[in-house]
Amino acid sequence: QWLIDELMQRAYEMCKAERLHREGKLPKRINHCDTKVNNMIFDENGQVLCVIDLDTTMPGYVLSDFGDFIRTAGNTGAEDDENLDNVNLNMEIFKAYAKGYSESAKSFLLPIETENLPFGAKLLTYMQTVRFLTDYLDGDHYYKIKHPEHNWQRSLTQFKLLQSIEAHENEMSAYIKSLMTA
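Cut-off values and rules
- Residues numbered from 1 in each chain as written.
- Predicted model: local features only at pLDDT ≥ 70, side-chain atom pairs only at ≥ 80, totals over all residues.
- Heavy atoms only, no water.
- Helix = DSSP H or I, 4+ residues; strand = E, 2+ residues; numbered from the N terminus.
- Rg over C-alpha atoms; globule rule 2.2 N^0.38 Å.
- Contact = heavy atoms within 4.5 Å.
- Areas by Shrake-Rupley, 256 points an atom, 1.4 Å probe, with all protein chains shown as cover.
- Lys, Arg positive; Asp, Glu negative; His and termini not counted.
- Charge placed at Lys NZ, Arg CZ, Asp CG, Glu CD.
- Core = buried A, V, L, I, M, F, W, Y, C linked by side-chain atoms within 4.5 Å.
- Buried < 20%, exposed > 50% of the residue type's maximum accessible area, 1.4 Å probe, protein only.
- Salt bridge = Lys/Arg side-chain N within 4 Å of Asp/Glu carboxyl O.
- Axes fitted to C-alpha atoms, helices over the stretch in contact; angles between N-to-C directions.
- Left-handed = near helix turned anticlockwise from the far one by under 90°.
- Parallel < 35°, antiparallel > 145°, perpendicular 65-115°, else oblique.
- Nonpolar A, V, L, I, M, F, W, Y, C, P; charged D, E, K, R; others polar.
- Pairing = 2+ DSSP bridges.

Trainee: So, the overall build of the chain: which residues are in play, and what are the values?
Mentor: Across its full length, the chain carries 7 helices and 4 strands. Over its C-alpha trace the chain gives a radius of gyration of 16 Å, about what one expects of a compact globule, namely 16 Å for 182 residues. Dimensions of the chain, computed from C-alpha atoms along their principal axes, come out at roughly 45 × 45 × 30 Å. Contacts in the chain between residues far apart in sequence, at least 24 positions, make up 71% of those at least 6 positions apart. Roughly 9,900 Å² of accessible area belongs to the chain as shown, and the carbon and sulfur atoms make up 55% of that amount. Seen as two clouds, the 19 positive and the 28 negative side-chain charges of the chain have centres 6 Å apart.

The following block contains the structure:
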């Protein structure tokens, strides 16, 4: 119940993208919608050769693609880490990704999109917390599990990452702003 209460306290804020879209401020663009590192194929020098798993491609918000990459690559722990002390946002990964992302996307992103990129990291981490918790409460029908409490552990890990992202939000926003004004 405590986790449900925490998630409910954030529910209104997490609808921000949809509100901005309904107000005509935040556009939908073609997005991958599953921007994890394991959906990229690299060459022997670490250069990206291509993106895979394109069945999820659809209209969405750039905040989602940006945020899901930060959620997966920027986590200092595993997605289901049993030691929550391992789980935090790696700001060096955030900065490196944000720098590369902005170099490519700066020319077409709207100011509302750039200022909300850090929110995307919060949003996708929040959503994944909800998804793991929902699956756990529903009997583990969607995600494959390794043990009966696996989705519960995933929920706790994602929530810990969400808290870390929230703690770094001002730093993330300032860094994004510096990139876009450079």
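Right, picking up where we left off after that structure.
Trainee: Give a description of the nonpolar core that names residues and reports values.
Mentor: Residues Leu-63, Phe-66, Phe-94 and Leu-117 are the most contacted members of the largest nonpolar core, which totals 37 residues. The dominant element in this core, judged by the number of residues it contributes, is helix 7 (residues 150-181), at 8 residues. Not counting residues within four places of it along the chain, the set of residues in contact with Phe-94 comprises Phe-66, Ile-70, Met-172, Tyr-175 and Ile-176.

Trainee: Provide a residue-level description of the pattern of salt bridges, including the pertinent values.
Mentor: The final tally for this structure, using the stated rule, is 10 salt bridges. With its nearest N and O atoms 2.9 Å apart, the salt bridge here joins Glu-79 to Arg-71. Classification of Glu-79 as partly exposed rests on a relative accessible area of 33%. The shortest N-O distance in the salt bridge between Lys-99 and Glu-103 comes to 2.8 Å. Placement of the pair is Lys-99 and Glu-103 together in helix 4 (residues 91-105), with a separation of 4 residues, close to one helical turn. Taken together, the salt bridges that share partners define one network made up of Glu-6, Arg-10 and Glu-166.

Trainee: So what's going on with the side chain of Ser-155? Which residues, and what values?
Mentor: With respect to the helices and strands, Ser-155 occurs in helix 7. Once you skip the residues sitting within four places of it in the chain, Ser-155 turns out to touch Leu-3, Thr-129, Phe-132 and Leu-133.

Trainee: Give a description of the environment of Met-172 that names residues and reports values.
Mentor: In this fold, Met-172 is placed in helix 7. For the pair Met-172 and Ala-121, spaced 51 residues apart in sequence, the C-alpha to C-alpha distance is 9.8 Å. Those residues within four positions of Met-172 in sequence are excluded, and the remaining contacts are Leu-89, Met-91, Phe-94, Pro-118 and Ile-165.

Trainee: So, unusual backbone geometry: which residues are in play, and what are the values?
Mentor: A positive phi is found at Asp-53, a non-glycine position, where the angle reads about 65°. Following the sequence through the fold, Asp-53 ends up in the loop between strand 3 (48-51) and strand 4 (58-60). The residue Asp-140 is not glycine, and still its phi comes out positive at about 60°. Take Asp-140: it is sitting in the loop between helix 6 (117-137) and helix 7.

Trainee: If you had to explain the packing of helix 1 (residues 2-10) against helix 6 to someone new, which residues and values would you point to?
Mentor: Between two packed helices, the angle of one axis relative to the other and the distance separating the axes together describe the packing. The N-to-C vectors of helix 1 and helix 6 enclose an angle of 145°; their axes lie 11 Å apart at closest approach. Here helix 1 runs over helix 6; the crossing is left-handed. Every residue of helix 6 that contacts helix 1 at Leu-3, Ile-4, Leu-7 and Arg-10 is listed here: Tyr-126, Thr-129, Val-130, Leu-133 and Leu-137.

Trainee: Would you mind going over the packing of helix 6 against helix 7 in detail, with residue names and values included?
Mentor: Relative orientation of the contacting elements helix 6 and helix 7 amounts to 170°, with a least axis distance of 8 Å. Here helix 7 runs roughly antiparallel to helix 6, going by the angle between their axes. Broken down by class, the residue content of the contact of helix 6 with helix 7 amounts to 14 nonpolar, 7 polar and 5 charged.

Trainee: Tell me about the pairing of strand 3, and please be specific about residues and values.
Mentor: The pairing of strand 2 (residues 40-42) with strand 3 spans 3 bridges and is classified as antiparallel. Considered in strand 3, the bridge of Phe-42 is made with Val-48. Here strand 2 folds back onto strand 3 in antiparallel fashion, the turn holding 5 residues, of which Gly-46 has a positive phi close to 85°.

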